[in-house]
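Overview (structure and organization)
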Amino acid sequence: MVTSVSSRSVRVFVEGHGEVRCTLRGNLWAGGHDETRPVAVGDRVIVQLDRDEGVVESVEPRDNRLARPVPVARARGGRTRARKAPPVQVIAANLDLLIVVAALNDPPFRPGLVDRFLVAADMQGVDPLLCLNKID
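Residues numbered from 1 in each chain as written. Predicted model: local features only at pLDDT ≥ 70, side-chain atom pairs only at ≥ 80, totals over all residues. Heavy atoms only, no water.

Before going further, it helps to examine the environment of G54. In this fold, G54 is placed in strand β5 (residues 53–59). Between the alpha carbons of G54 and R21 there is a distance of 6.4 Å; along the sequence they are 33 residues apart. Apart from the residues lying within four places of it in its own chain, the contact partners of G54 are V20, R21, C22, T23, V47, Q48 and L49. (Helix = DSSP H or I, 4+ residues; strand = E, 2+ residues; numbered from the N terminus. Contact = heavy atoms within 4.5 Å.)

Spelled out as structure tokens, the structure:
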């Protein structure tokens, strides 16, 4: 299971080996993705190990995902470019529970942001839990 994603590698928990730094097989970056990256935290992957490192060979199908649209780049003149479907940034995959932690006072509570997370969770069939923090 992928535990973290960086620009050039991922960390994968491999049973019996712990966390292993892995690169991605080149064909995972090939076209056909509607996402900015082919893997996300929570993805189940097939890894080929080589000593202390590995290569992600493939990504298993996801049960669900928490994603957000990538902002569309503005064209000259302040107009946005038309696209069929904007790409998305997957924040996490295969979630059982989404805990949204929000401050009440400092920084000020942002109900619109919380609403977006709750709606995204509902759309993917993920149970949400709202934790309001910093009431003092």
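A complete count under the given rule lists 5 salt bridges for this structure. In this structure, D63 and R44 form a salt bridge, with 3.2 Å as the shortest nitrogen-oxygen distance. Here D63 is found in the loop between β5 and β6 (65–69), whereas its partner R44 is found in the loop between β3 (18–24) and β4 (45–50), with 19 residues between them in sequence. On the basis of relative accessible area, R44 is assigned to the partly exposed category, the value being 31%. (Salt bridge = Lys/Arg side-chain N within 4 Å of Asp/Glu carboxyl O. Buried < 20%, exposed > 50% of the residue type's maximum accessible area, 1.4 Å probe, protein only.)

Before going further, it helps to spend a moment on the sheet that holds strand β1 (residues 2–5). The strands that make up a sheet are held in pairs by hydrogen bonds between backbone atoms, and each pair lies either parallel or antiparallel. Reading across from one edge, β1-β2-β3-β5-β4 is the order of the 5 strands in this open sheet, with mixed pairing throughout. If you trace the sheet from one side to the other, it starts and ends with β1 and β4, each paired once. Neighbour to neighbour, the strand axes of the sheet diverge by 35 degrees on average, direction disregarded. (Pairing = 2+ DSSP bridges. Axes fitted to C-alpha atoms, helices over the stretch in contact; angles between N-to-C directions.)

Moving on, we come to the environment of E19. Among the secondary structure elements, E19 is positioned in strand β3. If we ignore the near neighbours within four places in the chain, the residues touching E19 are T3, R11, V12 and F13. Within the structure, E19 has its side chain in polar contact with the side chain of T3 (distance 2.8 Å). A distance of 3.2 Å separates polar atoms of two side chains, one belonging to E19 and the other to R11. (Polar contact = N/O pair within 3.5 Å; in protein donor to acceptor, adjacent residues only side chain to side chain.)

In this section: a nonpolar patch on the surface. There is a patch of nonpolar side chains on the surface, built from L97, I99, V101 and L129 and spanning about 360 Å² of accessible area. Ranked by residues supplied to the nonpolar patch, first place goes to strand β8 (residues 97–103) with 3 residues. Summarising the element assignment, L129 is placed in strand β9 (residues 127–133). (Patch = residues over 30% accessible without salt bridge, like charges linked within 9 Å, V, L, I, M, F, W, Y side chains within 5 Å. Areas by Shrake-Rupley, 256 points an atom, 1.4 Å probe, with all protein chains shown as cover.)

This part takes up the nonpolar core. Taken as a class, soluble globular proteins show a tendency for nonpolar side chains to be buried jointly. If you look at the biggest cluster of nonpolar residues, it comprises 11 residues: V2, V10, V12, V14, V20, C22, L24, L28, V39, V45 and V56. Put simply, the parts of the chain that give this core at least two residues each are β2 (10–14) and β3. Setting aside chain neighbours within four positions, we find V45 in contact with V2, V12, V56, S58 and V59. Of all hydrophobic cores here, the second largest spans 10 residues; its members include A92, V100, V114 and A121. (Core = buried A, V, L, I, M, F, W, Y, C linked by side-chain atoms within 4.5 Å.)

So, about the pairing of β9. Direction of pairing for β8 relative to β9: parallel, over a ladder of 7 bridges. Pairing of A102 across the sheet is with L132, part of β9. In this fold, β8 hands off to helix α1 (residues 111–124), which returns the chain to β9; that crossover is right-handed. (Right-handed = clockwise from strand over helix to strand, strands pointing away.)

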